[in-house]
Amino acid sequence: MAICQAEPNLKDNWRKFDAMSVLGGILAAEKDYDRAEPLLLIGNEGMLKRAETVPASNRPRLKQTVERLVKLYEAWGKKDQLAAWQTRLAEFDQPPSGK
């Protein structure tokens, strides 16, 4: 993510965290789980913290960060983490609460 460090406009931009998640997903597909996990977790956290700045047309990317984590833990065989992330994924399909 050196490009994100070199480009000041991306340091705190949701696109940086989306890119981290995408890269983590690629690493997970290559079965490089140890390197994929931190990118996926940081990417997800960063996207969620910046959710309000993500344009509506790109909002599906928030769910995609969680889907990548589900795929990681499923492929890796980490059942506890898988269950937790499946619960979070299911929350995307729930209607918004009236809070």
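Further up the page is the structure itself.
These numbers were taken from a predicted model, which means no experiment stands behind them. (Residues numbered from 1 in each chain as written. Predicted model: local features only at pLDDT ≥ 70, side-chain atom pairs only at ≥ 80, totals over all residues. Heavy atoms only, no water.)

*Asks:* I keep staring at helix H3 (residues 33-49) and nothing clicks. Help me out?
*Replies:* A turn of α-helix holds 3.6 residues, and therefore any two residues three or four places apart point the same way. Compared with the 24 Å implied by 1.5 Å per residue over 17 residues, the 24 Å span of H3 between its first and last C-alpha is a close match. If you check which residues of H3 are buried, you get Tyr33, Ala36, Glu37, Leu39, Leu40, Gly43, Asn44, Gly46 and Met47. Here the buried face of H3 lies against helix H2 (14-29), helix H4 (60-76) and helix H5 (79-91). (Helix = DSSP H or I, 4+ residues; strand = E, 2+ residues; numbered from the N terminus. Expected span 1.5 Å × (residues − 1). Buried < 20%, exposed > 50% of the residue type's maximum accessible area, 1.4 Å probe, protein only. Contact = heavy atoms within 4.5 Å.)

*Asks:* Honestly, the nonpolar core in this entry has me stumped. Any pointers?
*Replies:* As a rule of thumb, nonpolar side chains are buried together in soluble globular proteins. Counting residues in each nonpolar core, the largest one holds 21 residues, and the members touching the most others are Ala36, Met47, Leu69, Leu72, Tyr73 and Trp85. Sorting the residues of this core by element identifies H2, H3, H4 and H5 as the ones contributing at least two each. At six residues, H4 tops the list of elements feeding residues into this core. Setting aside chain neighbours within four positions, we find Met47 in contact with Trp14, Phe17, Asp18, Val54, Arg61, Leu62 and Thr65. (Core = buried A, V, L, I, M, F, W, Y, C linked by side-chain atoms within 4.5 Å.)

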